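Spelled out from the first residue to the last, the chains are:
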Amino acid sequence: MAASAFVCSLLRARTARQGRTIRTLADRAVFSPTYALPEKMISPSSPSAGGELCEAFSCIAERSREAAACYFAGSMVKYLYPIPKFYESGETMLDFRPICLEDRAWIEPVMQAAAGHGSEFSFVNLYLWGDQRVASVDGTPVFLSNFSGSLTYPWPVGCRDLPGTLELLRQDACERGIPLRLFGLLPEERDRLEALYPGRFRFHSVRDSADYVYETEQLAQLHGKKLQAKRNHCNRFEAAYPDYRVLPLTADQLPRCRAFTDEWYRLHFLENDPADYALEQRAIGLAFDHFDALGMTGLVLEVEGEVVAFAMGNPIRPDVFDVNFEKARADMNGPYPMINREFARRIAETPYRFLNREDDMGLEGLRRAKESYIPDLLLEKLLAEELPA
């Protein structure tokens with residue numbers, strides 16, 4: 001296959017079998033005895049995607065089969081899974097624009113006051129995930145979210161005039177030619193919406209988006225029979241690696257954690273559909289880029305000078321700390337329970353009584369892992385969709 005055709009095949013591989021396609025194409029290009037890579041595929045200065053792939057090709061020669069495939073999968077994912085272009089429809093009722101770091105000053109206080117709501121109601125997650133837009137209604141932010149091409153309005157928390165704000169959102173949706181979908185409602189907000197618009201909305205509970213909330217002290221101490229296995233994992237880790245270190249995640253540690261994360265994704269792309277992690281990979285990259293500006297904090301778990309796990313998050317309510325990201329080596333016994341426990345111990349020294357460890361993204365393994373810590377609350381999130389007239 002010619003190099004240009006190979007690049008085109010990668011960029012066109014947007015089907016339900018994308019994960020398998022990317023690994024098959026990587027194998028074919030890198031390991032086929034009949035496929036010869038050109039000395040220089042495309043000029044690195046080329047604006048095309050192919051130009052940006054040169055580095056991937058140039059790093060293959062000295063790598064093993066597995067390492068090369070890992071590198072290739074990690075390099076391709078941003079081309080196979082781009083965030084869909086935001087739906088633009090010209091003049092609309094609300095002037096939505098991209099969220100920027102400077103918006104933190106006026107958005108974060110509103111989010112901090114969103115008692116009872118899930119982790120999507122935080123400035124950090126609004127900035128990191130998908131393509132989020134913000135507009136002002138009487139000085140209060142309202143949002144329009146784009147995930148995989150589906151446009152949804154998060155429930156308008158903190159608004160001064162709820163009926164008036166909902167009417168503005170209904171008109172904005174109508175002008176965009178989309179149904180009005182409101183996400184993140186609490187049960188009492190569902191009841192209020194139904195009272196305002198009887199029979200006009202249908203409601204769904206979105207299980208894959210339910211947040212796992214734990215008492216901080218419980219995760220810090222791992223008391224009780226149900227968490228005995230977690231204590232055992234930590235004890236075995238401490239016995240096997242007595243010289244382990246727990247370090248604050250500061251600016252000088254960010255490059256090490258970024259490199260660790262890159263390798264984590266490359267390994268996982270070998271065995272999982274890259275689509276499962278594409279949005280997360282973009283989000284964690286932004287978190288590294290703007291760690292201090294976003295008010296993030298975190299810990300690094302180190303063994304013999306090497307990063308084996310890290311976690312980072314930010315406070316989202318006066319008594320709730322959100323664990324945004326947690327990564328650990330899968331080939332060692334215990335780094336996940338250890339970083340979980342150590343981060344909880346660090347947060348237990350603060351006023352944050354609860355840890356929100358966010359949702360499981362519908363991934364079976366992640367669901368089992370979060371359920372195994374026995375959450376104190378599985379925070380239900382409701383989606384309201386306006387019915388056709």
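Described in the following lines is the structure provided in the data block. Every value quoted in this text rests on a predicted model; they were computed, and no experiment measured them.

**Some words on the overall build of the protein chain**
At step 1: Summing up its helical and strand segments, the protein chain has 15 helices and 14 strands in all.
At step 2: Classification of the 389 residues of the protein chain by burial places 49% in the buried group.
At step 3: A separation threshold of at least 6 residues defines the contact pool for the protein chain, and within that pool the share at least 24 residues apart is 72%.
At step 4: As displayed, the protein chain offers around 18400 Å² of accessible surface, 51% of which is attributable to carbon and sulfur atoms.

**Some details on the environment of Glu 217**
At step 1: For Glu 217, the location among the structural elements is in helix 10 (residues 216-221).
At step 2: Residues Glu 217 and Ala 344 lie 127 residues apart in sequence; the distance between their C-alpha atoms is 7.2 Å.

**Digging into the packing of helix 11 (residues 228-240) against helix 14 (residues 335-348)**
Between two packed helices, the angle of one axis relative to the other and the distance separating the axes together describe the packing.
At step 1: Relative to each other, helix 11 and helix 14 sit at 100 degrees, their axes nearing to 8 Å. Between helix 11 and helix 14, the interaxial angle falls into the category roughly perpendicular. The residues of helix 14 that touch helix 11, namely those facing Lys 230, His 233, Cys 234, Phe 237 and Glu 238, are Pro 335, Pro 337, Met 338 and Arg 341.
At step 2: Classifying every residue of the contact of helix 11 with helix 14 gives five nonpolar, one polar and three charged.

**Quick notes on the pairing of strand 2 (residues 131-137)**
At step 1: Most of strand 2 sits inside the fold, with six of its seven residues counted as buried.
At step 2: Where strand 1 (residues 97-98) and strand 2 come together, two bridges link them in antiparallel fashion. Note that in strand 2 the partner of Pro 98 across the bridge is Arg 133.
At step 3: When strand 2 meets strand 3 (residues 140-147), the two strands line up antiparallel, connected through seven bridges. Residue Gln 132 lies in a different strand from strand 3, and its bridge partner there is Ser 145.
At step 4: Taking the residues between adjacent antiparallel strands as the criterion, strand 2 and strand 3 are bridged by two residues, where Asp 138 takes a positive phi near 55 degrees.

**Some details on unusual backbone geometry**
At step 1: Of note in this structure, Asp 138 is not a glycine but carries a positive phi near 55 degrees.
At step 2: The topology assignment puts Asp 138 in the loop between strand 2 and strand 3.
At step 3: Residue Asp 138 is classed as exposed on the basis of its relative accessible area, which comes to 53%.

**As for the sheet that holds strand 4 (residues 150-154)**
At step 1: Spatially, the seven strands line up as an open sheet ordered 1-2-3-4-5-14-6, and their pairing is mixed. Two strands bound the open sheet, and with one partner strand each, they are strand 1 and strand 6 (201-205).
At step 2: Of the strands in this sheet, strand 5 (181-185), strand 6 and strand 14 (382-386) touch helix 9 (residues 187-196), which is tilted by about 145 degrees from strand 5.

**Describing the nonpolar core**
At step 1: Counting residues in hydrophobic clusters, the biggest one holds 60 residues, and the most contacted among them are Leu 128, Tyr 153, Trp 155, Leu 182, Leu 193, Phe 310 and Met 312.
At step 2: With six residues, helix 12 (residues 254-271) is the single largest residue contributor to this core.
At step 3: In this view, Tyr 153 contacts Phe 96, Phe 143, Leu 144, Leu 169, Asp 172, Ala 173, Arg 176, Ile 178, Leu 180, Arg 181, Leu 182 and Phe 183; residues no more than four positions away in its chain are not counted.

**Focus: the sheet that holds strand 12 (residues 354-356)**
At step 1: Pairing is mixed across the open sheet formed by seven strands, whose spatial order is 8-9-10-11-12-7-13. The open sheet has two edge strands, strand 8 (245-248) and strand 13 (377-379), and neither has a second partner. Between one strand axis and the next, the sheet turns by 30 degrees as a mean value, whatever way the strands run.
At step 2: Bridge count between strand 11 (residues 320-328) and strand 12: three bridges; the pairing is parallel.

**Re helix 6 (residues 104-112)**
At step 1: Of all the positions in helix 6, only Ile 107, Glu 108, Val 110 and Met 111 are classed as buried. All buried residues of helix 6 fall inside an arc of 165 degrees around its axis, so they share one side.
At step 2: Against the buried residues of helix 6 lie helix 7 (123-128), strand 2, strand 3 and strand 10 (306-317).

**Observations regarding the side chain of Lys 327**
At step 1: Within the secondary structure layout, Lys 327 lies in strand 11.
At step 2: Among the polar contacts made by the side chain of Lys 327, one reaches the side chain of Glu 280 at a distance of 2.8 Å.
At step 3: Setting aside its immediate chain neighbours within four residues, Lys 327 contacts Phe 260, Trp 264, Tyr 265, Glu 280, Val 308, Ala 309, Phe 310 and Tyr 336.

**Some words on the packing of aromatic side chains**
At step 1: By the definition in use, this model includes 11 aromatic pairs.
At step 2: An angle of 80 degrees between the planes, with centres 6.2 Å apart, marks the rings of Phe 260 and Phe 310 as edge-to-face. Of this pair, Phe 260 sits in helix 12 while Phe 310 sits in strand 10, and the two are 50 residues apart along the sequence. Residues Phe 260 and Phe 310 agree in their burial class; the two are buried.
At step 3: Aromatic side chains Phe 321 and Tyr 352 sit 5.9 Å apart centroid to centroid with 55 degrees between the ring planes, which places their arrangement in the tilted category. Residue Phe 321 is found in strand 11, and its partner Tyr 352 is found in the loop between helix 14 and strand 12; the two are separated by 31 residues along the sequence.
At step 4: Among the residues examined, Tyr 352 registers a relative accessible area of 21% and is labelled partly exposed.

Criteria and cut-off values
- Residues numbered from 1 in each chain as written.
- Predicted model: local features only at pLDDT ≥ 70, side-chain atom pairs only at ≥ 80, totals over all residues.
- Heavy atoms only, no water.
- Helix = DSSP H or I, 4+ residues; strand = E, 2+ residues; numbered from the N terminus.
- Buried < 20%, exposed > 50% of the residue type's maximum accessible area, 1.4 Å probe, protein only.
- Contact = heavy atoms within 4.5 Å.
- Areas by Shrake-Rupley, 256 points an atom, 1.4 Å probe, with all protein chains shown as cover.
- Axes fitted to C-alpha atoms, helices over the stretch in contact; angles between N-to-C directions.
- Parallel < 35°, antiparallel > 145°, perpendicular 65-115°, else oblique.
- Nonpolar A, V, L, I, M, F, W, Y, C, P; charged D, E, K, R; others polar.
- Pairing = 2+ DSSP bridges.
- Core = buried A, V, L, I, M, F, W, Y, C linked by side-chain atoms within 4.5 Å.
- Arc of directions from axis to C-beta.
- Polar contact = N/O pair within 3.5 Å; in protein donor to acceptor, adjacent residues only side chain to side chain.
- Phe/Tyr/Trp six-rings, centres within 6.5 Å; stacked < 30°, edge-to-face > 60°.

Geometric values such as these leave the question of function open.
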